[in-house]
Amino acid sequence: VSKMNKDAQMRAAINQKLIETGERERLKELLRAKLIECGWKDQLKAHCKEVIKEKGLEHVTVDDLVAEITPKGRALVPDSVKKELLQRIRTFLAQHASL
């Protein structure tokens with residue numbers, strides 16, 4: 001079994017455990033709250049409006065918007081938020097070390 005396969009299996013097992021325990025939903029809620037709190041959601045909304053204004057409403061599809069917004073959205077997530085989520089996941093994994 002290749003290393004990539006092993007990594008994929010491990011990711012799938014972790015994801016399954018996160019879903020089963022409800023932790024994945026809690027992490028998503030935490031992320032949602034943190035992104036709103038730090039103004040990320042508003043920044044992205046403003047960026048969407050800019051893109052639509054530039055291209056014209058009738059020339060923008062949802063797919064265009066997603067393609068345009070996704071990289072910016074990822075880049076705008078504050079490091080503090082990423083670190084907090086990562087710490088939560090590490091703590092979760094430590095508590096479920098049987099994976």
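Shown above is the structure to which this text applies.
Residues numbered from 1 in each chain as written. Predicted model: local features only at pLDDT ≥ 70, side-chain atom pairs only at ≥ 80, totals over all residues. Heavy atoms only, no water.

Engineer: Let's hear about the pattern of salt bridges: which residues, and what values?
Structural biologist: Two side chains with opposite charge may pair up if their charged atoms get near one another. Taken as a whole and judged by the stated rule, the model has 8 salt bridges. Between lysine 3 and aspartate 7 there is a salt bridge whose closest N-O contact spans 3.1 Å. Pair noted here: lysine 3 and aspartate 7 are both in helix 1 (residues 3–21), with a separation of 4 residues, about one helical turn. Here glutamate 84 makes a salt bridge to lysine 34, at a shortest N to O gap of 3.5 Å. In this pair, glutamate 84 sits in helix 5 (residues 79–95) while lysine 34 sits in helix 2 (residues 23–37), placing the two residues 50 residues apart along the sequence. On the basis of relative accessible area, glutamate 84 is assigned to the partly exposed category, the value being 31%. Each of Glu23, Arg26 and Arg88 takes part in a single network of salt bridges with overlapping partners. (Salt bridge = Lys/Arg side-chain N within 4 Å of Asp/Glu carboxyl O. Helix = DSSP H or I, 4+ residues; strand = E, 2+ residues; numbered from the N terminus. Buried < 20%, exposed > 50% of the residue type's maximum accessible area, 1.4 Å probe, protein only.)

Engineer: Hey, could you go over the packing of helix 2 against helix 5 for me, with residue numbers and the actual values?
Structural biologist: Taken N-terminus to C-terminus, the directions of helix 2 and helix 5 make an angle of 165 degrees; their axes are 11 Å apart at the nearest point. If you check the angle between helix 2 and helix 5, you find them roughly antiparallel. The crossing of helix 2 and helix 5 is right-handed. In this structure, helix 2 uses Glu23, Arg26, Leu27, Leu30, Leu31, Lys34 and Leu35 to contact helix 5, whose residues at the interface are Val81, Glu84, Leu85, Arg88, Ile89 and Phe92. (Axes fitted to C-alpha atoms, helices over the stretch in contact; angles between N-to-C directions. Parallel < 35°, antiparallel > 145°, perpendicular 65-115°, else oblique. Left-handed = near helix turned anticlockwise from the far one by under 90°. Contact = heavy atoms within 4.5 Å.)

Engineer: How would you sum up the side chain of histidine 47? Please name residues and give values.
Structural biologist: Locating histidine 47 in the fold gives a position in helix 3 (residues 40–55). Look at histidine 47 and you get buried, because its relative accessible area is 12%. Contacts of histidine 47, omitting those with residues within four sequence positions, involve Glu68, Ile69 and Lys72.

Engineer: Pulling in residues and values, what's your account of the nonpolar core?
Structural biologist: Within the largest apolar cluster, 9 residues are counted, these being Leu35, Trp40, Leu44, Val51, Val60, Leu65, Ile69, Val77 and Val81. Taken together, the elements giving at least two residues each to this core come down to helix 3 and helix 4 (62–76). If one sorts the elements of this core by residue count, helix 3 sits on top with 3 residues. Among residues more than four places away in sequence, those in contact with leucine 65 are Cys48, Val51, Ile52 and Val60. Counting residues in hydrophobic clusters, the runner-up holds 6 residues, among them Ile14, Leu30, Leu85 and Phe92. (Core = buried A, V, L, I, M, F, W, Y, C linked by side-chain atoms within 4.5 Å.)

Engineer: Before we move on, can you summarise helix 3 with the specific residues and values?
Structural biologist: With 16 residues, helix 3 extends 23 Å from end C-alpha to end C-alpha; this agrees with the ideal 22 Å at 1.5 Å per step. Burial in helix 3 covers these residues: Trp40, Leu44, His47 and Val51. Looking straight down helix 3, one finds that the buried residues subtend no more than 55 degrees of arc, so they occupy a single side. Facing away from the buried side of helix 3, by more than 90 degrees, are the exposed residues Asp42, Lys49 and Lys53. Where the residues of helix 3 are buried, they touch helix 2 and helix 4. Just downstream of helix 3, glycine 56 is the residue with a positive phi angle, here 90 degrees. (Expected span 1.5 Å × (residues − 1). Arc of directions from axis to C-beta.)

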